[in-house]
Amino acid sequence: WVDDSMMDDPEDKKPADWVEEKRMVDTDAKKPDDWDDEEDGEWEAPTKDNPGYKGDWSVKRISNPGYKGFWEAKKIANPEYVDEEALAR
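What counts, and at which threshold
- Residues numbered from 1 in each chain as written.
- Predicted model: local features only at pLDDT ≥ 70, side-chain atom pairs only at ≥ 80, totals over all residues.
- Heavy atoms only, no water.
- Helix = DSSP H or I, 4+ residues; strand = E, 2+ residues; numbered from the N terminus.
- Rg over C-alpha atoms; globule rule 2.2 N^0.38 Å.
- Salt bridge = Lys/Arg side-chain N within 4 Å of Asp/Glu carboxyl O.
- Buried < 20%, exposed > 50% of the residue type's maximum accessible area, 1.4 Å probe, protein only.
- Polar contact = N/O pair within 3.5 Å; in protein donor to acceptor, adjacent residues only side chain to side chain.

A. A look at the overall build of the chain. Helices and strands together make up the secondary structure of the chain, namely two helices and four strands. When the helices and strands of the chain are listed from N to C terminus, the series reads β-β-α-β-β-α. Relative to the compact-globule value of 12 Å for 89 residues, the chain shows a C-alpha radius of gyration of 32 Å, a clear excess of over 25%. Overall size of the chain, expressed as C-alpha extent along the three principal axes, is 100 × 40 × 15 Å.

B. Representation of the pattern of salt bridges in the model. If you walk through the whole model with that rule in mind, you get eight salt bridges. Note that Lys 75 and Glu 72 form a salt bridge whose closest N and O atoms lie 3.9 Å from each other. Pair check on accessibility: Lys 75 and Glu 72 agree, each one exposed.

C. Representation of the environment of Arg 61. Within the secondary structure, Arg 61 is located in strand S4 (residues 61-63). For the pair Arg 61 and Glu 42, spaced 19 residues apart in sequence, the C-alpha to C-alpha distance is 46 Å. Engagement of the side chain of Arg 61 in a polar contact is seen with the backbone oxygen of Met 6, the distance being 3.2 Å. Side chain to side chain, Arg 61 and Asp 8 meet in a polar contact 2.8 Å long.

D. Structural context of the environment of Pro 10. Here Pro 10 lies in the loop between strand S1 (6-8) and strand S2 (23-25). You can call Pro 10 exposed: its relative accessible area is 54%. Separated by 73 residues in sequence, Pro 10 and Asp 83 have C-alpha atoms that sit 53 Å apart.

The following block contains the structure:
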């Protein structure tokens with residue numbers, strides 16, 4: 001029995017040119033002239049938003065062909081059931 005009405009599309013693949021990095025090193029940034037590695041620590045270039053970033057990639061969802069609907073147990077009459085009102089008469 002399949003519980004999920006939707007499933008990941010097995011044929012959907014992440015594009016080869018998809019960019020994962022949200023931020024990137026700013027290649028235009030230069031180390032300040034007054035930067036002192038001993039006093040200020042090792043200089044690291046700042047990061048900036050990556051213009052090629054398209055967001056998090058997720059696989060396309062499709063209808064699940066094996067889904068048959070919500071499973072519910074069959075309701076059958078209980079032969080031992082006695083209505084309390086019938087007992088009171």
